[in-house]
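Breakdown of the fold
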Amino acid sequence: MSTVISPGKPGKRTGTTPPAASPARPRRAGRRQQMLACVTLLAPFTALLVAVFLVPVGYAIGLSLFSEDHKGLGFGGGITVFTGLRSYLAVLDDPSFMSGFGAIALYCVIFVPVVVVSALALALLLDSGLVRLRRTAQMLLYLPHAVPGIIAALIWLYLYTPGLSPVIKLFAQADITIDFLGLHTVLPSIVNIALWSGLGYNMVIFYAALQALPREVLEAARIDGAGDVRTALQVKVPIIRASVVMVCMFSLIGALQLFTEPMLMNQATPMVNSRFTPNMYIYDAAFRRNNYGMAAAASVILLVVTCALSYAVTRWAGRRDRSAR
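A brief structural summary.

Conventions used here
- Sequence order as written defines residue numbering, which begins from 1 separately in each chain.
- Confidence filtering applies because this is a predicted model: local features only for residues at pLDDT of at least 70, side-chain atom pairs given and counted only at 80 or more, and all residues used for totals across whole chains, interfaces and linings.
- Side-chain figures throughout are based on the complete set of non-hydrogen atoms in the structure, without hydrogens or water.
- Comment: elements are numbered from the N terminus, with helices defined as DSSP H or I runs of at least four residues and strands as E runs of at least two.
- Only protein chains enter the accessibility calculation, which uses a 1.4 Å probe; a residue whose area is less than 20% of its type maximum is buried, one above 50% is exposed, and one in between is partly exposed.
- Note on contacts: a residue pair is in contact if any heavy atoms of the two residues lie within 4.5 Å.
- Areas reported as accessible are Shrake-Rupley estimates using a 1.4 Å probe. Residue values count occlusion only from the protein chains shown.
- Interaxial angles span 0 to 180 degrees and are taken between N-to-C directions of axes, which are lines fitted to C-alpha atoms, for helices over the stretch in contact.
- Helix crossings fall into two classes, left-handed where the near helix is turned counterclockwise from the far one by less than a right angle and right-handed where it is turned clockwise.
- Under the convention adopted here, Pro, Cys and the residues Ala, Val, Leu, Ile, Met, Phe, Trp and Tyr are nonpolar, Asp, Glu, Lys and Arg are charged, and Gly plus all remaining residues are polar.
- What goes into a patch is any residue over 30% in relative accessible area without a salt bridge, connected to like charges within 9 Å or, for nonpolar side chains (Val, Leu, Ile, Met, Phe, Trp, Tyr), within 5 Å.
- Here, a salt bridge means any side-chain nitrogen of Lys or Arg that lies within 4 Å of a carboxyl oxygen of Asp or Glu.
- Cavity: a set of points on a 1 Å grid over the protein atoms alone where a 1.4 Å probe fits but cannot get out. Pocket: an open set with protein on both sides within 12 Å along at least five of seven lines, its lining residues, like those of a cavity, having an atom within 4 Å of a point.
- Grid points are joined across faces, edges and corners, and a volume is the space filled by probe spheres set on the points.
- In summary, the charge assignment counts Lys and Arg as positive and Asp and Glu as negative, without counting His or the chain termini.
- What we call a nonpolar core is a set of buried Ala, Val, Leu, Ile, Met, Phe, Trp, Tyr and Cys residues that are connected through their side-chain atoms within 4.5 Å.
- The atom standing in for a charge is NZ when the residue is Lys, CZ when it is Arg, CG when it is Asp and CD when it is Glu.
- Note on aromatic pairs: the rings of Phe, Tyr and Trp (six-membered ring only in Trp) are paired at centre separations within 6.5 Å, and the planes decide the class, stacked below 30 degrees, edge-to-face beyond 60, tilted for the rest.
- Any angle that falls under 35 degrees is termed roughly parallel, while one over 145 is termed roughly antiparallel, one within 65 to 115 roughly perpendicular, and all others oblique.

1. Digging into the overall build of the protein chain
- Helix and strand counts for the protein chain come out as 13 helices and 4 strands.
- Per-residue burial over the protein chain gives 34% buried out of 325 residues.
- If you take every contact in the protein chain between residues at least 6 apart in sequence, the share linking residues at least 24 apart comes to 61%.
- Roughly 20,500 Å² of accessible area belongs to the protein chain as shown, and the carbon and sulfur atoms make up 67% of that amount.

Okay, structure coming up:
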């Protein structure tokens, strides 16, 4: 224990020490700086979230609870009345809305596994080094994603239309008759358009995740005698499981929002009606039937279904990760 000499009594030692400076003040200052940094970084995201998500969702919920009634022959301004959940019940009772979810479910069953497996296979192939000119291959695979969706749909609609399509003429020369816009082929045709547009984008995500893998792990697998296929399936894919789950979730969300491709095909084939998907149902209710309350109610239902499925995929992936550990 240190001793100090009292100034009043020279030479007399005391057993007390002066109190040390309290560390609470620097801690509080550090916490304030951390909070300020968090607020600064989160402010743009929060403002964007409120502006483009929370406010439109709140407006849609409010709009779904009201409807505009017209008296007499419908001339003059309408009267906005509170209807509660009547629009929701009308949407859920509409067979065309539920059949749209059936078409989307079948579309997801086909599209999501095909796009995820194909993009992952291409990324593994590029990462393995078996493909030469990898940068050129990446650019060519990503290029269709850079084409706007409506232009891509128009290109494929031209290739699907009988009498115009060179593909159909080529099949006809081989005595093969195929109708890309038929009852049983129109949905695979839509899947093909979406696959052509989204395959390169998802491949880039997987390839970036594979490039971040620790090379010592791959070298250890090769030393243990694992071949290229075994290394890809048992080493690389489990490590990038988070990227696979993310692509699955984004593909599912994009599939639920399917609109552009069937909307254009609606003009070319009777197999795609004006309410083929939930988004087309919403468009039809708002801009063809002028029933904004019903369109808003359908939008809220679609949002709830999308959030529920995204949450289910996230929870399933979390359980798989915990069980793997």
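2. Section: the packing of helix α3 (residues 95–128) against helix α10 (residues 241–256)
- Where α3 contacts α10, the two axes come as close as 10 Å, and the packing angle between them is 145 degrees. Crossing handedness for the pair α3 and α10: right-handed. Where α3 approaches α10, its residues Ile104, Tyr107, Cys108, Phe111, Val112, Val115 and Val116 are matched on the opposing element by Val244, Val247, Cys248, Ser251, Leu252, Ala255 and Leu256.
- Of the residues contributing to the contact of α3 with α10, the split by class is 13 nonpolar, 1 polar and no charged.

3. Quick look at a nonpolar patch on the surface
- On the surface, a cluster of nonpolar side chains totalling about 810 Å² of accessible area is made up of Leu42, Phe45, Leu48, Leu49, Val50, Val52, Phe53, Leu54 and Val55.
- Considering the arrangement of structural elements, one finds Val52 in helix α1 (residues 24–64).
- In this structure Val52 comes out as exposed when scored by relative accessible area, which is 55%.

4. Observations concerning the layout of surface pockets
- By volume, the largest pocket is sized at about 510 Å³.
- In terms of lining, the largest pocket is formed by 20 residues, of which the most central are Phe111, Ala194, Ser197, Gly198 and Gly254.
- Among the secondary structure elements, those contributing two or more residues to the lining of the largest pocket are α3, α4 (134–146), α7 (186–211), α10 and α11 (260–265).
- Class assignment of the residues belonging to the lining of the largest pocket gives a composition of 10 nonpolar, 9 polar and 1 charged.

5. Points about the side chain of Glu261
- With respect to the element layout, Glu261 can be found in helix α11.
- In this structure, Glu261 is buried with no salt-bridge partner, the nearest side chain bearing the opposite charge being Arg288 at 15 Å.
- Beyond its immediate stretch of four places on either side in the chain, Glu261 contacts Ala153, Ile190 and Ile193.

6. Here we look at the nonpolar core
- If you look at the biggest cluster of nonpolar residues, it comprises 53 residues, and the most contacted ones within it are Tyr107, Phe111, Phe206, Ile240 and Met265.
- Counting residues per element, the ones that place at least two in this core are α3, α5 (149–160), α7, α10, α11 and α13 (292–324).
- Per-element tally for this core: the top contributor is α7, with 14 residues.
- Excluding its chain neighbours within four sequence positions, the residues that come into contact with Phe206 are Val116, Ala119, Leu120, Ala123, Ile240, Ser243, Val244 and Val247.
- Tyr88, Ala285, Ala286 and Met294 belong to the second largest nonpolar core, which has 16 residues in total.

7. A look at a positive patch on the surface
- Residues Arg25, Arg27, Arg28, Arg31 and Arg32 make up a contiguous surface patch of positive charge.
- Inspection of the secondary structure puts Arg27 in helix α1.
- Taking the relative accessible area as the measure of exposure, Arg27 reaches 56% and is therefore exposed.

8. What to know about the packing of aromatic side chains
- Taken as a whole and assessed by the stated rule, the structure comprises 9 aromatic pairs.
- Summarising the aromatic geometry, the rings of Trp156 and Tyr160 are spaced 5.8 Å apart at their centres and angled 40 degrees between planes, so their arrangement reads as tilted. Of this pair, Trp156 and Tyr160 are both found in helix α5, 4 residues apart, which corresponds to roughly one turn of the helix. When sorted by exposure, Trp156 lands in the same class as Tyr160, which is buried.

9. Overview of the packing of helix α8 (residues 215–223) against helix α9 (residues 228–239)
- Axis separation between α8 and α9 bottoms out at 11 Å; the angle between their running directions is 155 degrees. Looking at the two axes, α8 sits roughly antiparallel to α9. In this structure, α8 meets α9 at a crossing whose hand is right-handed. Residues Val217, Leu218 and Ala221 of α8 pack against Thr231, Val235, Lys236 and Ile239 of α9.
- Taken together, the residues of the contact of α8 with α9 sort by class into 5 nonpolar, 1 polar and 1 charged.

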